[in-house]
Amino acid sequence: MIGKLLGHTQVQTTARYAHLARDTKKVSAARIGDSIDRDLEADGEVAGQPAA
């Protein structure tokens, strides 16, 4: 189904590029996590523990 949405006529074409989406999701998730960590540290929280 995704291959058809992308205009691929063969399953092999979709499979060839499928790993790129996984890598992009991992990078995006890491960036979001880093951003949340920075925000928590700026608010005085350390390692997920609220400031005393």
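Structure report, in brief. (Residues numbered from 1 in each chain as written. Predicted model: local features only at pLDDT ≥ 70, side-chain atom pairs only at ≥ 80, totals over all residues. Heavy atoms only, no water.)

1. Let's talk about the overall build of the protein chain
- Scanning the protein chain for helices and strands turns up two helices and zero strands.
- Burial analysis of the protein chain (52 residues in total) assigns 2% to the buried set.
- Approximately 4800 Å² of the protein chain is accessible, and the part contributed by carbon and sulfur atoms is 58%. (Helix = DSSP H or I, 4+ residues; strand = E, 2+ residues; numbered from the N terminus. Buried < 20%, exposed > 50% of the residue type's maximum accessible area, 1.4 Å probe, protein only. Areas by Shrake-Rupley, 256 points an atom, 1.4 Å probe, with all protein chains shown as cover.)

2. Points about a nonpolar patch on the surface
- Side chains of Met 1, Ile 2, Leu 5 and Leu 6 sit close together on the surface and give an oily, nonpolar patch of about 540 Å² of accessible area.
- With respect to the element layout, Met 1 can be found in the segment before α1 (2–6).
- We classify Met 1 as exposed; its relative accessible area is 80%. (Patch = residues over 30% accessible without salt bridge, like charges linked within 9 Å, V, L, I, M, F, W, Y side chains within 5 Å. Salt bridge = Lys/Arg side-chain N within 4 Å of Asp/Glu carboxyl O.)

3. Some thoughts on the environment of Ile 2
- Within the secondary structure, Ile 2 sits in helix α1.
- Relative accessible area serves as the criterion here: at 57%, Ile 2 is assigned to the exposed category.
- Placed 12 residues apart in sequence, Ile 2 and Thr 14 show a C-alpha to C-alpha distance of 7.8 Å.

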